[in-house]
Each structure stands twice: as structure tokens, then as C-alpha cells.
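Spelled out, the chains give:
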Amino acid sequence: MISNNNQIGHLISWESWSTEFSRKPATSATSNQYVPYSEGSTKGKNTLAILYSSLIAILLLLIIFVFVRMSKKEEAPAPAQMAAETKKDSIPPTPATPNTKPAPPTPPPVKPKPISKKQPTITYDYSCLNDGGLMDDVNGAGDIADKMTDEYGGEVSISEEEEYGDMIHEQVTENYSLIDYGQPNAVLQKILRKLVAHIPNPRGFEYRLYFVDNDDLNAFTGGGRIYVTKAMYSFCNDEDELAAIIGHEIFHNELGHIKQLIQISKIPGADLLQLLAIPFNQKKELACDMHGMDLAIASGYRPCAVVDVWKRMNENNPNEAQDPLTNLFNDHPYHEVRETCSRKHLI
């Protein structure tokens, strides 16, 4: 420390100064030259001892004085602190501003309960995806691929799917802001609670919904976590349409689509398998459209809401070319196809 080094420096200078001071100028009867004190001189020794003792005493007193002053400053409360202590019973302390990034908001989980009443039997027909050509073969091959994935991909627990959801959530929070306040977020949470209460034969997820500050028209999910962007919220005209979108994402979890992604990742050559599985996802997307629609209807929302969503999306994308070869590399059906299939499912 600087203070210690300064003290050492002062001691060294005092020692050299006292040595020179001991060389007292004395004159003899025969000479005018200076003669140093003799080491055997009692008077010289006594004078030097007194000088050293005085300097050490002064130094000790200075150290004690400084130490006492510093101790009193540390013990004495500052005026602001005294005022705060006086009012601590009436005014809560202001929390300190954290130096780290605050944790992203976490909405309360919503877990479905088994439904006791008998559910109606609903038929799901995916033939509307067929085009009389390549897609017919693709859809048939997709069913075979799903069976092979279940056979060779092994078991996947709900906790594994939730871990996958945690990974997605970490990536989302690193790149986007989540909005956990305001009327839009409250509306989304209300819709989620109503939908989850009507899930037939739930697999056991605790659902959480996040409102993402993003301008992409999108909604996505993983491990029971559902994300709806600001753009998607603004695109939907009412709660009925939002319910259809959220119901769609719920069934990606309930129908085991996330589970199949994890199973594929466990199979050798997973990257190639995921690439080959892209067109098979179209049937999965359509299945979520239909199941999500039925969930929204069971929860009291307007039946045709999802049809209106796909119709407007199709109108907003007039240049969406429905080329059969290009369609093989699409993981979602064309908007017009989704509108048609959803409409047929209601009949």
C-alpha cells in the first residue's frame, strides 16, 4: 500500500538525518576543524538515545491519532443513513439496480386436468393434402417414417421434451424481448387457460405462453412453452383467431411432434433424416390445424376462426406459387391448402 511505503521512506530519511545531526561541530584549543563525537562519549550516547526515543514516541502518537479518527468515521452513520433508519418502518428500501441482465419473465404454468365426460369421436381426414401426384406418395411415406422413428428412436419422456423447451427458451430470450405486461399479454394468458382446461387425454405438460416483441408473423412451441409474436397478435382480428393459433401450438406437444424430433436426433444420420422428413411435416401441421380448431370450439370459440386466418394469409401472399416440386421442400402446406382443409374439417 502507498501509505506503508511512505512511512518506510520517512524512517529511512530520519535515520540518515539523525546520523548527520550527531556529528556535532566541536573546536579544540589547537585546531578550528570539526571533530565528531567519540563513540565512547556518554554525553553523545545519551543525546542520541533521547532523540530516537522522542521520534518514536511522536510517530506512535501520530499513528494512534490517525487510527482513532478513522475508526470514528467508520462507526458514525451518514446523515442519509440516519434518516433512512428513522423512516425504515414506513418506507420500503429502494432495490439496487442489478449489474446483470434481469431474468426473463416467467408466466405461471397451466397444467390440464383429465376430462371426465366422454369426448365425441372426431374423424381426421388428410386427403386434402394429396395432389394426385408426388404428395400422395410423400404422405404415405410419412406414415411409415413416423412408425420407424417410434421404433428406432427409443422412448422420450415428458422431462426430455421440457428440456428441449428450455433450450429453445434460452435461445429466444437471448435474441428477443418478452412482454409480460399489458392487455395483449393478459388476453393471451386467458386464452391459454381456457384451452388447456379442455385438452382431451393430456400427456402431462405444464403450459406457459410468452408474448414475444418481434415483427415476424409467427407462433412456435417446444416442451410446453408457446411463443406468440406481436405481429401474429396484431394479425388476428379477435380472440377466436388467437385461440385457433394457440390451439395449433398446443397440439404440436400433445401429438408428439417434438418427441419425434428428439427421437430422430438419437438415430445415426440424424441430419439427413431431418432433411428427408421436411415434406412429412405438412401432414403434422395440418393435424395441428384440425386438432387446434376442435380444441378452440370445445373451449367456446368461434368454429370458423382458423379458416378466416388462413384465408387472409393467402390473400396477403398472392405470389405464393403452388409448384408441386417446390412443395416437396416446404415444411408447411400452402395457405390456400390449409384454408381448404380446415373448411372441409368443419363440414
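Residues numbered from 1 in each chain as written. Predicted model: local features only at pLDDT ≥ 70, side-chain atom pairs only at ≥ 80, totals over all residues. Heavy atoms only, no water.

Engineer: Quick question: what am I supposed to make of the overall build of the protein chain here?
Structural biologist: Within the protein chain one finds 14 helices and four strands. Burial status across the protein chain gives 33% buried among its 347 residues. Excluding contacts between residues fewer than 6 apart, the proportion of contacts in the protein chain whose partners are at least 24 apart in sequence is 73%. Of the accessible surface of the protein chain, which amounts to about 22200 Å², a share of 57% is contributed by carbon and sulfur atoms. (Helix = DSSP H or I, 4+ residues; strand = E, 2+ residues; numbered from the N terminus. Buried < 20%, exposed > 50% of the residue type's maximum accessible area, 1.4 Å probe, protein only. Contact = heavy atoms within 4.5 Å. Areas by Shrake-Rupley, 256 points an atom, 1.4 Å probe, with all protein chains shown as cover.)

Engineer: Is there a simple way to think about the pairing of strand S4 (residues 225–229) in this case?
Structural biologist: For a regular strand, the rule is simple: side chains alternate between the two faces of the sheet. Burial runs high along S4: five of the five residues are buried. Burial of S4 is two-sided: the residues Arg225, Tyr227 and Thr229 facing one way and the residues Ile226 and Val228 facing the other way are all buried. The pairing of strand S2 (residues 208–212) with S4 spans five bridges and is classified as parallel. Considered in S4, the bridge of tyrosine 210 is made with tyrosine 227. Pairing of strand S3 (residues 219–222) with S4, which is carried by four bridges, proceeds in the antiparallel orientation. If you follow phenylalanine 220 over to S4, its bridge partner there is tyrosine 227. Taking the residues that link successive antiparallel strands as the turn, the S3-S4 hairpin has two residues, and the phi of glycine 223 there is positive, at about 60°. (Pairing = 2+ DSSP bridges.)

Engineer: Please clarify how the packing of aromatic side chains should be interpreted in this entry.
Structural biologist: The description of two aromatic rings rests on the distance between their centres and on the angle between their planes. In this structure the tally under the stated criterion is four aromatic pairs. Linked through ring pairs, Tyr210, Phe220 and Tyr227 together constitute an aromatic cluster. Above the face of the tyrosine 301 ring, lysine 194 is positioned so that its terminal group lies 4.5 Å from the ring centre. The ring of tryptophan 310 has arginine 338 sitting right over it, with the charged end atom 3.8 Å from the ring centre. (Phe/Tyr/Trp six-rings, centres within 6.5 Å; stacked < 30°, edge-to-face > 60°. Lys NZ or Arg CZ within 6 Å of the ring centre and 35° of its normal.)

Engineer: Any chance you could explain the environment of threonine 229 here in plain terms?
Structural biologist: Relative to the helices and strands, threonine 229 is located in strand S4. The class for threonine 229 is buried, based on a relative accessible area of 2%. Sequence-distant contacts of threonine 229, defined by excluding residues within four places in its chain, comprise Phe211, Val212, Asn214, Asp216, Leu217 and Asn218. Within the structure, the side chain of threonine 229 is placed 3.1 Å from the backbone oxygen of asparagine 218, a separation counted as a polar contact. (Polar contact = N/O pair within 3.5 Å; in protein donor to acceptor, adjacent residues only side chain to side chain.)

Engineer: Just checking my understanding: could you explain the packing of helix H11 (residues 281–298) against helix H14 (residues 335–346) for this structure?
Structural biologist: How two helices sit against one another is set out by the angle between their axes and by the gap between those axes. Where H11 meets H14, the closest approach of the two axes is 10 Å, and the angle between their N-to-C directions is 45°. Here H11 lies oblique to H14, going by the angle between them. In this structure, H11 crosses over H14, and the sense of that crossing is right-handed. From H11, Glu285, Leu286, Asp289, Met290, Met293, Asp294 and Ile297 reach across to H14, where they touch Arg338, Cys341, Ser342, His345 and Leu346. Grouping the constituent residues of the contact of H11 with H14 by class yields six nonpolar, two polar and four charged. (Axes fitted to C-alpha atoms, helices over the stretch in contact; angles between N-to-C directions. Parallel < 35°, antiparallel > 145°, perpendicular 65-115°, else oblique. Left-handed = near helix turned anticlockwise from the far one by under 90°. Nonpolar A, V, L, I, M, F, W, Y, C, P; charged D, E, K, R; others polar.)

Engineer: How should I be thinking about a nonpolar patch on the surface in this particular structure?
Structural biologist: Where nonpolar side chains cluster on the molecular surface, the patch consists of Ile144, Met148 and Tyr152 and spans about 350 Å² of accessible area. By secondary structure assignment, the location of isoleucine 144 is in helix H4 (residues 134–152). With a relative accessible area of 51%, isoleucine 144 lands in the exposed category. (Patch = residues over 30% accessible without salt bridge, like charges linked within 9 Å, V, L, I, M, F, W, Y side chains within 5 Å. Salt bridge = Lys/Arg side-chain N within 4 Å of Asp/Glu carboxyl O.)

Engineer: Sorry, what's going on with the pattern of salt bridges here?
Structural biologist: When the charged atoms of two side chains lie near each other, side chains of opposite charge can form a pair. Tallied over the entire structure, the rule returns 12 salt bridges. Taking the shortest distance from any N to any O, the salt bridge between lysine 190 and glutamate 239 comes out at 3.1 Å. Taken together, the positions of lysine 190 in helix H6 (residues 182–196) and glutamate 239 in helix H8 (residues 239–254) put the pair 49 residues apart, joining distant regions of the chain. A salt bridge links aspartate 213 to lysine 230, with the nearest nitrogen and oxygen atoms 3.0 Å apart. Highlighted residues: aspartate 213 in the loop between S2 and S3 and lysine 230 in helix H7 (residues 230–235), separated in sequence by 17 residues. The structure contains a network of salt bridges with shared partners spanning Asp238, Arg302 and Asp308.

Engineer: Looking at this structure, how should I read the environment of threonine 340?
Structural biologist: By the secondary structure assignment, threonine 340 is in helix H14. Remark: the alpha-carbon pair of threonine 340 and tryptophan 310, spanning 30 residues in sequence, is separated by 8.9 Å.

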